[in-house]
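Now for the letters of each chain:
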Amino acid sequence: MSENNKILNELTQSDYKYGFVTDIETESIPKGLSEEVVAIISAKKNEPEWMLEFRLKAFRHWQKMTMPKWAHLELPEINYQDIIYYSAPKQSAKLNSLDEVDPELLDTFNKLGIPLEEQKALAGVAVDAVMDSVSVKTTFKETLAEKGIIFCSFSEAVQNHPDLIKKYMGSVVPYTDNYFAALNSAVFSDGSFCYIPKGIRCPMELSTYFRINAANTGQFERTLIVAEEGSYVSYLEGCTAPQRDENQLHAAIVEIVAMDHAQVKYSTVQNWYPGDKNGIGGIYNFVTKRGICKGDFSKISWTQVETGSAITWKYPSCILRGNNSIAEFYSVAVTNNHQQADTGTKMIHIGKNTKSTIISKGISAGFSENSYRGLVKVMKGAENARNYSQCDSLLLGDKCGAHTWPYIEVDNKTAIVEHEATTSKIGEDQIFYCNQRGIDTETAISLIVNGYAKEVLNKLPMEFAVEAQKLLAITLEGSVG
Amino acid sequence: MLSIKNLKVSIEDKEILKGINLEIKPGEIHAIMGPNGSGKSTLAAALSGRDYASVTGGSITFLGNDLLEMSPEDRARAGLFLGFQYPVEIPGVSMVNFMRSAVNEKRKYQKLEPLSSSDFLKLMREKKEVVEIDSNLTNRSVNEGFSGGEKKKNEIFQMAMLEPKLAILDETDSGLDIDALRVVANGVNKLHSPENATIVITHYQRLLDYIVPDFVHVLYQGRIVKSGDKTLAYELEEKGYDWIKEEVIAG
């Protein structure tokens, strides 16, 4: 092994910074999944009858389904009876101010760098933090309420805005959509709801932070964003979890609805615990994210930086139904050690003059497997649809894999669909060239990787971009071969 | 400045350099010539710290420090510069970012504050003029899509930016047309001063018409078999390397 490799390998194993466990009292239900458990979750959340009905329908459907096997993943058997489906930090009833939040919990969110305190108001980020199954605190609710913006936990929305939830929940991702969507629909515990009224430009970035804390717990959250005519919102999502030897399941659903001229920008930095360097532990991240550009001239933009999780199965997609609607997908997916990722997007062109862009940058290191899987579908009536796709793969070392599965289905002759793909490798020559100019190996990798991914990183909101750059460097340290 | 004593270097267990001795003082230009496979590039690799060139014996002292104990990046920061025979392309990394990292790493090593953006850009402009490099080259990614000549000019530009104490130019003349050769040589001459030194590694005498060496060494089969002044280079140009080989065999 060369000297560079040695240094790199030592550095690669830098600790997962978010691996701490919060010592906090939680209220959990016993392991296992049944109609009874679904009913308990619903009862815990004091849900109306229609919500319980929805859950039970989803659960019965899920029971008839089998886990999908088509992804390029080595999926272990998951024992769904061995998971706790509801766990909540124990607290005295409702919270009125931050003073009432458990200090341990506040400490956790401080460690995570979440601007939960009011002093961070200046940063202009409204945060909904979800720990295990329960939404802990939504900041800035009042400021937003003045504009008619609703930003609250999903549970609250079920109670306070049942009409909106009934109308839109499952309208983009029905519970029949896929195995994990059905599971989520049956047992989801909380999540965020966001509603931007007509003509309103949301004055701050809205942000949700997800954290799995309790052991043996699955996290199943739902996010629903509805942007009415001519509105705009930028939404951020971050995720972390403690370091544990057993795998934990995360199966979320995100639904976005954009009406005429509405714009939604959804950014994710996914940093779930990836497992250790031997592939022990880590989160299984099976997520269904989909948006619909329902109105004319609407726009949905997904930006994701995926560095965590042992296994990722995720395809943030867009249905371009409105005429002249626009959809974008910008992704950086990094895998190291024994991580596996099968991620990409689907762009379904239905409306006329619709336009989609896909920029995917995969980075694989160690023994990891990193796949891009995407579908561009142009339906019969989608006159003048345009798509541009670019899928690049960067390899570090020779024990990892990069794969690209672009599917293109075009049923309209006026469509223009472009696809470009490249595969490259960080070589020892490149590293040495940097070394010889006084740049150490760690910095060199960070320069090269950030250069490679900058098209995507540039799409992130400022504060997220900085975090993401650091995350890329940490994830990849020590992985050149 | 640089003192090489009985240096032995192997690549994949094959001994390439079999005892090199070389003394270089500030202000001097040394040319190292020799036929293909004589070990010229291996010497450059060993000096810059490439891991495939494993040093099996001897010592190298650079500005009073044991060079062999230093990492490649510390050698660079201490003032050792290698002009690559084949400069490497780094797509996506802009020349500006690359050079700013390099310059600031060096300043950090010298316990200086990093340059501000405006000072850095000013420095870039100045140095671009010195080496007559095309302005748009520095707006691109490191060496990406550069022609052979542009890559070599870029090496000289980087050398100007980093102001090394010792520059080693490995076959800088290979693949250059006469105009590019002149630009590169002018750059090297402009950067030369009584405080720094240059090692020019070349196969042909041609470059030495532009960069006039104080000493010429002939490397053959892993040893310096002959040293002299610049007239030795002319002699080699005229008679080729065969007479040296014969001398070695006879000796």
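Computed from a prediction, not measured in an experiment: that's the story for all the values here.

Can you lay out the overall build of chain A for me, pointing to particular residues and giving the numbers?
Per the secondary structure count, chain A includes 11 helices and 23 strands. Taken over 481 residues, chain A has a buried fraction of 62%. Summing over all exposed atoms, chain A offers an accessible surface of approximately 17900 Å²; the carbon and sulfur share of this is 49%.

Could you give an account of the interface of chain A and chain B, naming the residues involved and the relevant values?
At the junction of the two partners, chain A supplies 20 residues and chain B supplies 29 residues. Summed over both partners, the interface of chain A with chain B buries about 2100 Å², with 60% contributed by carbon and sulfur atoms. Summed over the shared surface of chain A and chain B, the number is three salt bridges. Between A:Asp429 and B:Arg50 there is a salt bridge, and its shortest N-O distance comes to 3.2 Å. Inspection of the chain A/chain B interface yields 12 residue pairs in polar contact (both at pLDDT 80 or more). Going through the elements one at a time, helix H1 (3–12), helix H9 (428–436) and helix H10 (441–457) of chain A are the ones with two or more residues in the side of chain A that touches chain B. For the side of chain A that touches chain B, the element with the highest residue contribution is H9(A), accounting for eight residues. Tallied by class, the residues present in the side of chain A that touches chain B amount to six nonpolar, eight polar and six charged.

Please provide a residue-by-residue account of the confidence of the model for chain B, values included.
Residues with a pLDDT of 70 or more make up 100% of chain B, whose mean pLDDT is 91. Confidence estimates for the predicted assembly give a pTM of 0.79 and an ipTM of 0.95.

Explain helix H5 (residues 148–162) of chain B residue by residue, including any values.
Between the first and last C-alpha of H5(B) there are 22 Å, a value that for 15 residues agrees with the 21 Å anticipated at 1.5 Å per step. Burial within H5(B) is extensive, with 12 of its 15 residues counted as buried. Three or more residues of H5(B) are buried, namely B:Gly149, B:Lys151, B:Lys152, B:Asn154, B:Glu155, B:Ile156, B:Phe157, B:Gln158, B:Met159, B:Ala160, B:Met161 and B:Leu162. Against H9 of chain A together with strand S6 (80–83), helix H3 (95–109), helix H4 (117–131), strand S9 (166–170) and helix H6 (178–191) of chain B lie the buried residues of H5(B). Looking at the residues trailing H5(B), positive phi occurs at B:Glu163, about 40°.

Summarise the sheet that holds strand S12 (residues 223–228) of chain B; cite the residues concerned and give the values.
Residue and element names in this part refer to chain B. An order of S6-S9-S10-S3-S11-S12 is seen for the six strands of this open sheet, with the pairing classed as mixed. Each of the sheet's edge strands pairs with one partner strand only, and the pair in question is S6 and S12. Strand-to-strand, the axes of this sheet are offset by a mean angle of 20°, without reference to chain direction. Note: S9 against strand S10 (residues 197–202), five bridges, orientation parallel. Counterpart to Asp-170 in the pairing with S10 is Ile-201.

Explain the packing of H4(B) against H5(B) to me, and be specific about the residues and the numbers.
Residue and element names in this part refer to chain B. Between H4 and H5, whose axes approach to 9 Å, the crossing angle comes to 130°. With respect to each other, H4 and H5 are oriented oblique. The crossing of H4 and H5 is right-handed. On H5, the residues touching Phe-120, Leu-123, Met-124, Lys-127, Lys-128 and Val-131 of H4 are Ile-156, Phe-157, Ala-160 and Met-161. Residue composition of the contact of H4 with H5, by class: eight nonpolar, no polar and two charged.

Residue-level account of the packing of aromatic side chains, with values.
By convention here, two paired aromatic rings are described through the distance between centres and the angle between planes. Residue and element names in this part refer to chain A. One pass over the full model with this rule turns up 21 aromatic pairs over all chains. With a centroid separation of 5.8 Å and 90° between ring planes, the pair formed by Phe-54 and Tyr-175 is classed as edge-to-face. One end of the pair, Phe-54, is in helix H3 (residues 49–63); the other, Tyr-175, is in the loop between helix H7 (162–168) and helix H8 (179–187), with 121 residues separating them in the sequence. Here the aromatic rings of Trp-70 and Trp-313 are separated by 5.6 Å at their centres, their planes lie at 40°, and the arrangement is tilted. Placement of the pair is Trp-70 in the loop between H3 and strand S2 (87–89) and Trp-313 in strand S15 (residues 311–314), with a sequence separation of 243 residues.

Tell me about the sheet that holds strand S1 (residues 2–11) of chain B, and please be specific about residues and values.
Two pairing modes exist for strands in a sheet, parallel and antiparallel, and in both the strands are linked by backbone hydrogen bonds. Residues and elements named next belong to chain B. With antiparallel pairing, the four strands of this open sheet are ordered in space as S2-S1-S4-S5. Each having just a single partner strand, strand S2 (14–24) and strand S5 (65–66) make up the two edges of the open sheet. Relative to S2, S1 runs antiparallel, the two sharing eight bridges. By the bridge assignment for S2, Ser-3 is matched with Glu-23.

Go over unusual backbone geometry, please, and point to the residues and values.
In this structure, A:Asn353 is a non-glycine residue whose phi angle is positive, near 55°. Tracing the backbone through its elements, the reader meets A:Asn353 in the loop between strand S18 (340–349) and strand S19 (355–364).

Residue-level account of the pattern of salt bridges, with values.
Opposite charge on two side chains makes pairing possible when the charged atoms of those side chains draw close. Across all of its chains, the model carries 25 salt bridges over all chains by this definition. A:Glu47 is the partner of A:Arg55 in a salt bridge, and the nearest nitrogen-oxygen pair spans 2.8 Å. In this structure, B:Lys151 engages B:Glu89 in a salt bridge whose closest nitrogen and oxygen atoms are separated by 3.2 Å. Here the residue B:Lys151 occupies a position in helix H5, and B:Glu89 occupies one in the loop between S6 and strand S7 (90–94), the gap between them amounting to 62 residues. On the basis of relative accessible area, B:Lys151 is assigned to the buried category, the value being 17%.

Definitions and limits used
Residues numbered from 1 in each chain as written. Chains lettered and ligands numbered in written order. Predicted model: local features only at pLDDT ≥ 70, side-chain atom pairs only at ≥ 80, totals over all residues. Heavy atoms only, no water. Helix = DSSP H or I, 4+ residues; strand = E, 2+ residues; numbered from the N terminus. Buried < 20%, exposed > 50% of the residue type's maximum accessible area, 1.4 Å probe, protein only. Areas by Shrake-Rupley, 256 points an atom, 1.4 Å probe, with all protein chains shown as cover. Contact = heavy atoms within 4.5 Å. Buried area = accessible area lost by both parts, 1.4 Å probe. Salt bridge = Lys/Arg side-chain N within 4 Å of Asp/Glu carboxyl O. Polar contact = N/O pair within 3.5 Å; in protein donor to acceptor, adjacent residues only side chain to side chain. Nonpolar A, V, L, I, M, F, W, Y, C, P; charged D, E, K, R; others polar. pLDDT = per-residue confidence, 0-100. Expected span 1.5 Å × (residues − 1). Pairing = 2+ DSSP bridges. Axes fitted to C-alpha atoms, helices over the stretch in contact; angles between N-to-C directions. Parallel < 35°, antiparallel > 145°, perpendicular 65-115°, else oblique. Left-handed = near helix turned anticlockwise from the far one by under 90°. Phe/Tyr/Trp six-rings, centres within 6.5 Å; stacked < 30°, edge-to-face > 60°.

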